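Residue strings, one per chain:
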Amino acid sequence: MAASSKISGIEMEFRSRIGLAFVLAGCFLGGMLFLDTFGEDLFPAGNAVLVSGNASDIVLSKAGFLYGPQSWRPSYDPLGIDPGKEPDANDTWYLMFVDLNTTPVSGNPNVKKLGSVRITYNFTDLSGRAVFHVYGLTTGTIPTRTNRQTGYGSCGFVVTGNATPGTSMPSASPLAFMDSHRYRIAISNDLLADSDDMNPTMRSFYFNQPGSGQGALHITPSLSKRRGSVTETTDPNGTFYVTATGSEAGDDLLLLVAADRPQPDGFLLRIRAEFVRSA
Amino acid sequence: MAMKKPYFSLEEIALLSLCSALIVVLNTTFSLPLHIPGHTGIYWVVPVIIGVGIVKKPGAGTYIGLISGILATLFGVNTLHVFNLFIYLALGGVIDLLGLLFFYRLDHPAAGFIAGAAGNLAKMVVNYALQTFLGIPAAFIIIGIGTASITHFIFGGLGGVIAAVILARLVRAGVIPREDA
């Protein structure tokens, strides 16, 4: 009888401890969700500090638009170009890819000191909407990184200009969708050959499954919102940041600039990309 | 002069060491293409809980964590190198503590779930603490920490349930004496 009541007491104690453990785990998870929601306000990122030696200054004309007209941008499945939207067959975007020769990750690659890439743009004679997206080039079997197109965490940067549209984009031809989910992309600025391709004008994209690489990079108008957001502006001169939150941001960044109509002959786009670290 | 009896018997040391090696082997050879934070917890925690559930002595989980941490460091399992030791120790230590609190009834699915989930969460917390210590700004760490915590909790818990089921089967099969279970 005494032994039975002792077992029952241990059983009761065991059950109460299990219950208490679940309550504590719930409190912990609640705390983490609170930190996730309000953490950016609790831990302000501070100001951006330029790190010298990691900058590009590129000027591009309408001849830089090498791809299009098309309604999609590369991923495992075609992604839309208008931020937050799926591809629309009626859209006629013209695309150019610009190698920024920098990355949001710097310092010791094993420790991965994260920063951001600050991009300053200056449009001359922009007609219609121009959209910025970003790709992180990788090596080996790691899929190419990009910003999220739709749903939670989608981001992008849109600039609208009021110049008279051009009549044609003579350099552009549509990019073919690849069933292999591997793309060879021509960049619009000449740089040194990258470590993977050893080719000054071509870069490789690789996607291994639906959604792969999406959300590892973010486009944000302010470092206080590192998760990124969709920004629309009519200012032809401005700044935004490319941030990374995943474990692998890629070893080089390609900026995708897409215009929704043919651009006038006077179209110019100056892009300055700088690696910055938060102070 | 009577020889002092060792804290762990030879069999226990052998079993705990095998569990430690199993963690590293699972980590290096077993890959789930889920791309969800903490999903590896579903197999990380299983050998620790089984080891603690069989040996039933304080320190068993910590021993597994220490040995597997040393092995992971030597084999270069991830980029944290020698700091791996802290991650594995946290995982083993927390499961050790919960085993003690739950009277080593880790064959109970609820106890297994909590032990696995807490072990996997401890691994995550120590990992983030080390990343912060190594210079990654806290602002980066906290992005998505809520989602990561929930996925660590779920996958660690599922691993714990798997371990509990295996332990219960071992008890039923008589491999672990029933009176100790």
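Up top you'll find the structure we're talking about.
Note that the structure is predicted; figures quoted are calculated from it, not measured.

Rules used throughout
- Residues numbered from 1 in each chain as written.
- Chains lettered and ligands numbered in written order.
- Predicted model: local features only at pLDDT ≥ 70, side-chain atom pairs only at ≥ 80, totals over all residues.
- Helix = DSSP H or I, 4+ residues; strand = E, 2+ residues; numbered from the N terminus.
- Expected span 1.5 Å × (residues − 1).
- Axes fitted to C-alpha atoms, helices over the stretch in contact; angles between N-to-C directions.
- Parallel < 35°, antiparallel > 145°, perpendicular 65-115°, else oblique.
- Left-handed = near helix turned anticlockwise from the far one by under 90°.
- Contact = placed C-beta atoms within 7 Å.
- Nonpolar A, V, L, I, M, F, W, Y, C, P; charged D, E, K, R; others polar.
- Core = buried A, V, L, I, M, F, W, Y, C linked by C-beta atoms within 7 Å.
- Buried ≥ 20, exposed ≤ 12 C-beta atoms within 10 Å, placed from the backbone.
- Pairing = 2+ DSSP bridges.

Peer 1: Is there a simple way to think about helix α7 (residues 145-172) of chain B in this case?
Peer 2: Residues lying three or four places apart along an α-helix face the same way, a consequence of the helix completing one turn every 3.6 residues. With 28 residues, α7 of chain B should cover 40 Å at 1.5 Å per step; its first-to-last C-alpha distance of 40 Å lies within 8% of that length. Count one or two residues on from α7 of chain B and you reach G174 of chain B, which has phi positive near 85 degrees.

Peer 1: What is the right way to look at the packing of helix α4 (residues 84-101) of chain B against helix α5 (residues 109-133) of chain B in this model?
Peer 2: Packed helices, taken two at a time, are described by their axes: the angle between them and the distance between them. All names here are of chain B. With their axes 8 Å apart at the nearest point, α4 and α5 run at an angle of 150 degrees to one another. Compared by their axis directions, α4 and α5 come out roughly antiparallel. Regarding α4 and α5, the two cross each other, and that crossing is right-handed. On α5, the residues touching F86, I87, A90, L91, V94, I95, L98 and G99 of α4 are I114, A115, A118, G119, A122, K123, V126, N127 and L130. Its residues assigned to classes, the contact of α4 with α5 shows 13 nonpolar, three polar and one charged.

Peer 1: I tried to follow the nonpolar core on my own but got confused; where do I start?
Peer 2: By size, the foremost hydrophobic cluster in this structure holds 58 residues, and its most contacted members are V48, I49, L91, I95, L106 and A163 of chain B. Those elements that place two or more of their residues in this core are α1 (2-42) of chain A together with α1 (10-29), α2 (41-55), α3 (60-75), α4, α5 and α7 of chain B. I95 of chain B has contacts with V45, V48, I49, V52, G61, A115 and G119 of chain B, leaving out every residue within four places of it along the chain. Among the nonpolar cores identified, the runner-up in size contains 56 residues, and I81, L95, V131 and A244 of chain A belong to it.

Peer 1: Explain the pairing of strand β15 (residues 252-259) of chain A here, please?
Peer 2: Two faces make up the sheet, and in a regular strand the side chains alternate between them. Residue and element names in this part refer to chain A. With eight of eight residues buried, β15 is to be regarded as a mostly interior element. Because side chains alternate across β15, one face comprises the buried residues D252, L254, L256 and A258, and the other comprises L253, L255, V257 and A259, equally buried. Of the pairings in the sheet, the one linking strand β3 (residues 93-99) to β15 comprises six bridges and is antiparallel in character. Its bridge partner lying in β15, F97 is registered against L256. Taken together, the eight bridges between strand β7 (residues 127-137) and β15 define a ladder with antiparallel strand orientation. The residue of β15 that forms the bridge with F132 is V257.

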